[in-house]
Each structure stands twice: as C-alpha cells, then as structure tokens.
Amino acid sequence: MSETTCFHCGDVCEEIIQIEEKSFCCFGCKTVYELFAENDLSCYYDLQNSPGAIPKEIQGKYDFLTQQNIIDKLLEFNDDGKQIVTLYIPHIHCSSCIWILENLHKLNAEITASQVNFGKKTVRVTYNSTNFSLKEAVLLLSKIGYEPYISLEDYSTGKTNINRTLIYKLGIAGFAFGNVMFLSFPEYFQVSGFWIEQYKVVFRWLMFAFSLPVVFYAAQDYFISAYKGLRAKLLNIDVPIALGILVLFLRSSVEIIFDLGSGFFDSLTGLVFFLLLGKFFQQKTYTFLSFERDYKSYFPIAVTKILKGKETPIQVYDIKKGDRLLIRNEELIPVDGILMNGNAAIDYSFVTGESETVQKQSGDNLFAGGKQTSGIIEIEAIKSVEQSYLTQLWSNDVFEKNKEEGFTTLTNAISKHFTITVLSIAIIATTFWLFFDASKAMNVFTAVLIIACPCAIALAAPFTFGNLLRIFGKLKFYVKNASVLEQLASINTIIFDKTGTITSNKKSTANYEGEQLTTEELVLLKSTLRGSNHPLSRTLYNILDAQNIVTLDHFEEHVGKGMTARYDNNNIKVGAATFVGHQEDKKVLNTTVHISANNSYKGKYTFYNKYRKGVSKLFNNLKKNFDLAILSGDNEGERENLKKLLPAKTKLIFNQKPNDKLEYIHYHQKEGAKVLMVGDGLNDAGALAQSNVGIALSENVNVFSPACDAILDASKFNQLDAFINASQAAIKIIKWSFVLSFIYNSIGLYFAITGQLAPVIAAILMPLSSISIVVFTTLCTTVLGKKLNR
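Keep in mind it's a predicted model, so treat the numbers as computed, not measured.

The rules behind the values
Residues numbered from 1 in each chain as written. Predicted model: local features only at pLDDT ≥ 70, side-chain atom pairs only at ≥ 80, totals over all residues. Heavy atoms only, no water. Helix = DSSP H or I, 4+ residues; strand = E, 2+ residues; numbered from the N terminus. Buried < 20%, exposed > 50% of the residue type's maximum accessible area, 1.4 Å probe, protein only. Contact = heavy atoms within 4.5 Å. Areas by Shrake-Rupley, 256 points an atom, 1.4 Å probe, with all protein chains shown as cover. 1 Å grid on protein atoms, 1.4 Å probe; cavity = no way out; pocket = protein on both sides within 12 Å on 5 of 7 lines; lining within 4 Å. Points joined across faces, edges and corners; volume = space filled by probe spheres on them. Nonpolar A, V, L, I, M, F, W, Y, C, P; charged D, E, K, R; others polar. Pairing = 2+ DSSP bridges. Phe/Tyr/Trp six-rings, centres within 6.5 Å; stacked < 30°, edge-to-face > 60°. pLDDT = per-residue confidence, 0-100. Core = buried A, V, L, I, M, F, W, Y, C linked by side-chain atoms within 4.5 Å. Salt bridge = Lys/Arg side-chain N within 4 Å of Asp/Glu carboxyl O. Axes fitted to C-alpha atoms, helices over the stretch in contact; angles between N-to-C directions. Parallel < 35°, antiparallel > 145°, perpendicular 65-115°, else oblique. Patch = residues over 30% accessible without salt bridge, like charges linked within 9 Å, V, L, I, M, F, W, Y side chains within 5 Å. Expected span 1.5 Å × (residues − 1). Arc of directions from axis to C-beta.

(A) Representation of the overall build of the protein chain in the model. When you go through the protein chain residue by residue, the secondary structure sums to 27 helices and 28 strands. Looking at the protein chain as a whole, 50% of its 790 residues are labelled buried. Contacts in the protein chain between residues at least 24 apart in sequence constitute 67% of all its contacts with a sequence separation of at least 6. By element, 54% of the accessible surface of the protein chain is carried by carbon and sulfur atoms, the whole surface being about 37,600 Å².

(B) Fine view of empty space enclosed by the protein. A complete count under the given rule lists three cavities of 30 Å³ or more for this structure. In this structure, the second largest cavity encloses a volume near 60 Å³. Lining the second largest cavity we find 10 residues, and of these Pro240, Leu243, Val422, Leu449 and Pro454 sit closest to its centre. Elements with a minimum of two residues in the lining of the second largest cavity: helix H11 (238-257) and helix H15 (410-436). Considered class by class, the residues forming the lining of the second largest cavity number eight nonpolar, two polar and no charged.

(C) Representation of the pairing of strand S20 (residues 562-567) in the model. Taken together, the five bridges between strand S19 (residues 554-558) and S20 define a ladder with antiparallel strand orientation. Residue pairing for S20: His558 is matched across the bridge by Gly562. Where S20 lies against strand S21 (residues 570-575), six bridges are found, and the strand directions are antiparallel. When the bridges of S21 are listed, Tyr567 appears paired with Asn570. Adjacent in sequence and paired antiparallel, S20 and S21 are bridged by two residues, among which Asp568 carries a positive phi angle near 55 degrees.

(D) Just the packing of aromatic side chains, in detail. Tallying each qualifying case throughout the model produces 18 aromatic pairs. Measuring from ring centre to ring centre gives 5.9 Å for Phe175 and Phe210, while their planes differ by 75 degrees; the resulting arrangement is edge-to-face. One end of the pair, Phe175, is in helix H8 (residues 165-188); the other, Phe210, is in helix H9 (residues 194-218), and 35 residues separate them in sequence. Seen from their ring centres, Trp205 and Phe208 are 5.4 Å apart, and the 80 degrees between their planes marks the pair as edge-to-face.

(E) A look at unusual backbone geometry. Not every positive phi belongs to a glycine, and Asp568 is a case in point at roughly 55 degrees. Along the chain, the position of Asp568 falls in the loop between S20 and S21. Taking relative accessible area as the criterion, Asp568 reaches 52% and is therefore assigned exposed. With a phi angle near 60 degrees, Asn599 is a residue other than glycine that sits in the positive phi range. With respect to the helices, strands and loops of the structure, Asn599 is situated in the loop between strand S22 (591-597) and strand S23 (600-611). Of the residues examined, Asn599 reaches a relative accessible area of 78% and is grouped as exposed.

(F) The arrangement of the confidence of the model for the protein chain in detail. In this model, the protein chain carries a mean pLDDT of 79, and residues with pLDDT of at least 70 account for 82%. When pLDDT is averaged over each helix and strand of the protein chain, the minimum, 60, is found for helix H7 (residues 152-157) and the maximum, 93, for strand S17 (residues 493-497).

(G) Looking closely at the sheet that holds strand S14 (residues 371-372). Strand order in this open sheet of three strands is S12-S11-S14, and the pairing throughout is antiparallel. In this open sheet, the two edge strands, each paired with only one partner strand, are strand S12 (358-360) and S14. Here two bridges tie strand S11 (residues 344-347) to S14, and the two strands are oriented antiparallel to one another. Of the residues in S14, the one forming a bridge with Asp347 is Lys371.

(H) Quick peek at the nonpolar core. Of all hydrophobic cores here, the largest spans 103 residues; its most connected members are Phe472, Phe477, Ile494, Phe496, Ile502, Leu676 and Ile724. Setting aside residues no more than four positions away along its own chain, Ile724 makes contact with Leu488, Ile491, Ile494, Leu622, Phe626 and Leu676. In this structure, Leu75, Val123, Ala137 and Ile150 belong to the second largest nonpolar core, which totals 36 residues.

(I) Just the environment of Lys716, in detail. Mapped onto the secondary structure, Lys716 falls in the loop between strand S28 (710-713) and helix H26 (720-753). Contact partners of Lys716, with chain neighbours within four places excluded, come to Leu475, Lys476 and Phe723.

(J) Structural view of the sheet that holds strand S10 (residues 337-341). Here six strands make up an open sheet; going across it, the order is S8-S7-S9-S15-S10-S13 and the pairing antiparallel. At either end of the open sheet lies a strand with only one pairing partner, and these are strand S8 (310-315) and strand S13 (365-366). The sheet contact formed by strand S9 (residues 324-327) and strand S15 (residues 377-381) spans four bridges and is antiparallel. Across the sheet, the residue bridging to Ile327 is Ile377, located in S15.

(K) Representation of the pattern of salt bridges in the model. Applying the stated criterion to the full structure yields eight salt bridges. One salt bridge in this structure joins Arg204 and Asp259, with 3.2 Å as the shortest N-O distance. With Arg204 in helix H9 and Asp259 in the loop between H11 and helix H12 (265-283), this pair connects stretches of sequence that are 55 residues apart. Classification of Arg204 by relative accessible area gives buried; the value is 9%. Between Glu378 and Arg324 there is a salt bridge; the shortest N-O distance is 2.9 Å.

(L) Looking closely at the packing of H15 against H26. Remark: H15 packs on H26, axes separated minimally by 13 Å, with the N-to-C direction vectors making an angle of 5 degrees. Put simply, H15 runs roughly parallel to H26. Across the interface between the two elements, Leu410, Thr411, Ile414, Phe418, Ile425, Ala429 and Trp433 of H15 pack against Ile731, Ile734, Lys735, Phe738, Asn745, Leu749 and Ile753 of H26. Here the residues of the contact of H15 with H26 sort into 11 nonpolar, two polar and one charged.

(M) The arrangement of a nonpolar patch on the surface in detail. Side chains of Val201, Trp205, Val254, Ile257, Phe258 and Leu260 sit close together on the surface and give an oily, nonpolar patch of about 600 Å² of accessible area. Where the nonpolar patch is concerned, the elements lending two or more residues are H9 and H11. If you trace the backbone, Trp205 turns up in helix H9. With relative accessibility at 37%, the residue Trp205 sits in the partly exposed group.

(N) Expanded view of helix H24 (residues 658-670). Taking 1.5 Å per residue, 13 residues should reach 18 Å; H24 reaches 19 Å between its end C-alpha atoms and fits that length. Among the residues of H24, Pro658, Lys661, Leu662, Tyr664, Ile665 and Gln669 are the ones counted as buried. Taken end-on, H24 shows its buried residues confined to a sector of 160 degrees, consistent with a single buried face. Taken from the residues just after H24, Gly672 is the one with a positive phi, measuring 105 degrees.

(O) Expanded view of the environment of Leu529. Note on placement: Leu529 falls in helix H20 (residues 519-530). A C-alpha to C-alpha distance of 9.5 Å links Leu529 and Asn542, two positions 13 residues apart in sequence.

This is how it looks when you write it as structure tokens:
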C-alpha cells in the first residue's frame, strides 16, 4: 500500500485533504498552500518539493510579545514607525525557504523587507510598526510553517559586537608587505641606473614608513603576549617572535638612518603578515554555531501566569514561589513545581537521558527542563528559575573552568627550549667576535636573532590546524579552536552517552512476543493506536504494517495506563501489563506495550533502541588504542544488547545522573586519563565540560547542542575514529615542519655566526623558510583531508 505525502510539508498523510489534485496532511498545510496561491507565491513549491513544516497550534503562545520590555530587548531598531527584528528559524533548510521568507512583503504589505542569513538560520524582518507588531510578524511566520525559536538567551544577550580587529591588522600587514616587496626588487636583482640611484634613499624611507603601522599596530599583540608571558615567568612562543620583530625593526632602521643598507623590512612585514594570516586561519570559527550554550539557550523568554482566573504572560525571571503557571503542549517547564491540573506526559530526555516519557498525576513534582508532550497543564512554582534543578546544574565550578589553562601546546613547549638556545648562541657568538673583531659583534648578535626568528615554528601550528579545522568543518565536524585539536590528539579514554548518542533519536524497533494476532485484531490495534498521542503509541503505530483504518465504535484513553477500544463487537486493550490483566516479570526492564483482545491476553511488544549505523565497527576500531565506556542515564534494559554489539572490554554503567557522569570523568582524570566525552543532551553538559575534550553529537547542528568543544553531525558519528586519527597526524605534520625549520635555521645561523650574513642571503632564507612551511603544512593537511573524504 503506497503512502501519500503532504504537498506542503512532505509528511505522510494519515488523513488526506484533497484540493486541486494536491494532497495535504492537515488543514494547516492546506491553508498555507491557499495563502501562497492567493498571493501569487505558489512557485515556492517549484524550488523544492515539500520545503515547509506543519503549522502548529500556537494560540496564546506569543502573548508575551505584547510586553514592551520584552519587545525592547528583542528589537534591533525601533524608531519613527519602523522596527527591525532578527528571528531564529530552525526550519530554514533549502532555497525555497529563503525564497518565501524573503517575500514576506507579498503576504503582508506592512512588512517592507526580509532578509535571510542561511548559515545562521535567521531572518531579519523590517516592518511598519504603526499598523503591524512584532507579535503579528511572529504569528505570520508560524502560520506559514516557519515558527521562530525565541529563547531566554535572546533576551539576555543583547546586541553582539563583531570584532574585526584581526582583519584590519591583516589588511595593513598585507598592504605593507606587498609594497615593501615591490620597492625591494632593485636591491634583490642588483639593478643599477641613474634613476634607481637617485631614488634609492626615497625607496628605503618609504619601506621604513610602511613598516611603522606593521610593527606598532599589526604586531602589537605579540609584544603584549610576550610581556605577559615574561611577567608570568613563561617563555611562550611570542617571546622569540617579539624579539625577532624588534631586532629586525631596530637594525633595519639603523641601516636606513645611517645609509648603511636597505635593512630587512621585507622580511619584517612578511613575517607579521604570515603570522596574522595563520592566526586568522586558526581563529576562523563557525559563527552560526554556539559552543557556549547554557540553560538560557533552551528556556523560553516568558510563560503564562494564572492569577484569579486571568492569564498573563510574565518573564521567566519574574516567576516567584507559589505562582500558578500554564504550560502548553510542547512547552518547556521553566521552574521546578507541583502539577496542579491536567495530565502531564513529561519528556525529560534532554535533562536526565531517560528516553521514556514520564506520566505525572496531580500533586506530583515536576522539574525544570522537562517538556510537556500532551495537552495543557497547570503547575505551581516551588522555586525560582535560579534555584531550579536545571539551573543549579550550571552552578558547578566545572563550567567556570577554562580548559586551555594548564594545557601546554606543542609550539609553546618547543619555544621555551628554542628561545634559550637562540639567546645562548647569540651571546656566545657575540662574545667570540668581541675578542676577535669587535666591529662585527653587534652585527652578529642581531643577525643571529634575525635569522633564528621562529617564524616557521610559529606558522606551522596555525596553518596545519587552521586548514584541518576547515576540512573538518566541510565534513560536518565543527571544532571550537586549534587547542581542541591538540587535546583531541592526546586522549586515551573515550566515554559515550547512550540515549541519543550511540542510539538514534529518530528510530526504534519493537519485537512482538505472544499469540499471533489475526488480521481483524491488527486492524483494530492500528486504529486504536491512531487515536492516541502517547509517544509509545505513535512509535508502535509507525512500526506496524499499514492496515485498513476503521472508525471505532468506542475509544477511551486512561492516562498512564493504556487504551480501550471497540469495533464491530470486538474489544481491545492496549497498555501496561496490569491494565490488560497480565502479571509481568518485574525483573524485565525493557519498555513494553501489552495487548489483550476480548479479555484474552495476546502478547506484548518490547521496544529496543535503534543503534546508529556503524556503531559496532567504530567501537572495534577504537578499542585498539583507547579505553572505552558507556555512561547512561537509562536503566539496564539494554545491557545484553550492548554486550552483543560492543567489544568485550567496554565498560557499561547505567542509571547515571548528570553529576555522576561528571564525577566519573573527574575521578579517572585524577588517575591520569585524558578523556574524550561524546554526548548529546543537557544531562551530558557537566561531563562535556569536565572532560579534556567534549563533543556534542547533534541531529541538527544549529539546534540544541549543549556547551562543548566540538559539534559532530550525527550522520558522521561512524567517522569519529578517522577524525581522531587525523588530529594525531596533524601533530606529526607540525613536528616535521619543525625539522624543516631547523634545517633552514642551521644554514642561516652558520652565515650569521661567522659574520657573513649578506642582505641577499637573509632576503632569500627568511621568506623561503616561512613560505615553505606554509606550503608544506597546507599540502600535507589537504592530503589528510582527501583520505578522510574516501
């Protein structure tokens, strides 16, 4: 039996609504199609089939957008009847989404412009605020299937300033380097002639002028870092760099002022340009991703408060103990509270890792971070937002810790010895020449410092890691910075969360045990499941083969227990074992749904996690070099399945609360382990922060990833071992670059120590050293990237 998909959203139509030979799954999608057709926007569907989402029922959800203090925080611009707002739209995913969102003015004449940032999934809307409001703009977007996601983070972050300082410095250094090289050509090629001799002095002073902004503006960070390093009694890589730049500038200036030569301004400007280029490469981050999320990223801005029967939207920060709150379907509970009214089906998977929805009755405690998944409920707050469980998770000191502190990079480790060695050589060589030919002593001292400037050492890591960050990003592995790559290369223990990490959130399987169901019973079961919104019912409904759907004579859902239904004098009960009249073995921990027909027990469906493709192969590849463990918030129901799937020595630890995971990692770190944690939810946030490297696995990298060091797209999970191997290979590339640099420096030092460093030799060696390192690291990492792509 073929399935009919919705013309608007692409979902399978359970009930088909036909219009103009097109099928729709609901009236919402049909209405959106009619709206587009009326406004001559139906070519939206020509760009890509089924681009939109099902419009949801949002009555009352955005009433808080009438409060002026909230509006003021969200608006970018508000003056003279014109307002501008940027809204995050998670559903943006294709060209037709861009097309329709940039044509909002055709749907409402009060909207004057709308511009999409596809990478960040945002739309910037400009509208006439005299006749149109922010709330109406949000409702219009929701109506056409592009509901914005407005979180507490939007409220507290405010406007962000973009720091373009590095780009300005890079531009100035590049401009100066190009001009100095151009002016140096006559010196390089020993060109002579009347005009060359006439203007030689002018050329040299021009080079001096070009070098001033490079030294005093573009290179200032190296001097600051070197000064801070020395104050902290650390010889970091910026100490020899700053020393080299200073000596280059002083010696070149002396040569220009006293007309002794043309100096080394080409090497000076080139060195700073390549250093900044490497830093730009290294610092290039994924602006559309957030590696620093906390609970504010997930909480709504406002919630509905009920006071004397009247519903009023209030900010979540204003919630006080004792407030009665209304939580709608699919809304997040912002504070710990007690269920007062309604039937709660809470999804805590993002907080605790438990994949099963929890049913709650009136009087039960509810915790912040859970999502209500069935209808409307009323709760009474027993704590404020700051005192609630989820918020307190972020009060742990581990979230204040900077992982880069205490980690010595390979470059800094080598630079310490390098600086001492170079200074020793310079002092010994100068002392020698003081006795044999004092006129050469100062030249030798500066020449050694110039030729031994660690430009190649300083460039190797930024260019290697910068290129690798770009390659990883293309392969959907987004790493926060180069330091994370270095730490990833040094790990020896890998810990995985289970639910949502090695299992897929989207898929599950179920096995049936018991008496074979007849065709009539299967039809009745499928029709009964269709009437329930419980997650297990929806899962089982999707797993079962297609059956003819019948209209039931009777249907009743008993919250937390199951369903009863009747069709043509046949009765069925679906739900918990006790509900259908069966005694279940309490030792069995798997999730089950039991069936009885006409008061006769038939059997049960047992649900199993669906593991990601390639999990077993990945773990077998990793076991050769790493200690492996699974830390799960779930019960032990899947232990036997995991034992069959994973290598024998993999540790399996269940019933782990967020703090337990954090403590487990902390304990093993104290024992010497360098831990990589791979998780997906808020329940893993503490463990991700505590680990040496925390990778958040995400089905959608733009939505809901906790604070982490890297984000891995779930489709690339089976390539995790390849990414770790590539990070280790990058360290080898850097070490080989150091060897190459050492050879250059040894040749140059020979000329410098013996007092034979001619300007032409320095002019050849220094740029050649820098450029060869850049080319070597870029080529090697590109080859590495091609291997990853296979």
